[in-house]
Amino acid sequence: MTRRAKGLALATSAVIATLAVVWIVHASAPAAATHERPGRGGAAMPVVAVAAKKDDIKVTLDALGTVTPLATVTVKSQVNGQ
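Predicted, not measured: the structure shown is a model, and the values here were computed from it.

*Asks:* I would appreciate a short explanation of the overall build of the chain in the present structure.
*Replies:* The number of helices and strands found in the chain is one helix and zero strands. Here the chain holds 82 residues, and the buried ones make up 0% of them. Roughly 8,800 Å² of accessible area belongs to the chain as shown, and the carbon and sulfur atoms make up 62% of that amount.

Printed below as a string of structure tokens:
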């Protein structure tokens, strides 16, 4: 084997070993740490109906970054009792 071929074989072996370690660590992570979002195929979320009211929403956000909702919902109106 030439010196270049030995170096390539060593580099390939190192990459494969690193990927194997990452895969093993990721596969053995606890399921609770996967950060599942509620309402995405998980357990049912309870919903309660209340009367609508008109009011101001007082939201103050004083920070930098991205706001991500925990869950989203699509509200559709009923037409002809359907």
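*Asks:* Sorry if this is basic, but what is going on with helix 1 (residues 3–27) here?
*Replies:* At 3.6 residues per turn, the α-helix brings residues three or four places apart onto the same side. For helix 1, which comprises 25 residues, the first-to-last C-alpha distance of 36 Å matches the rise-based estimate of 36 Å (1.5 Å per residue) to within 8%. Of all 25 residues in helix 1, zero are buried; the element is thus mostly exposed.

Basis of the calculations
- Residues numbered from 1 in each chain as written.
- Predicted model: local features only at pLDDT ≥ 70, side-chain atom pairs only at ≥ 80, totals over all residues.
- Heavy atoms only, no water.
- Helix = DSSP H or I, 4+ residues; strand = E, 2+ residues; numbered from the N terminus.
- Buried < 20%, exposed > 50% of the residue type's maximum accessible area, 1.4 Å probe, protein only.
- Areas by Shrake-Rupley, 256 points an atom, 1.4 Å probe, with all protein chains shown as cover.
- Expected span 1.5 Å × (residues − 1).

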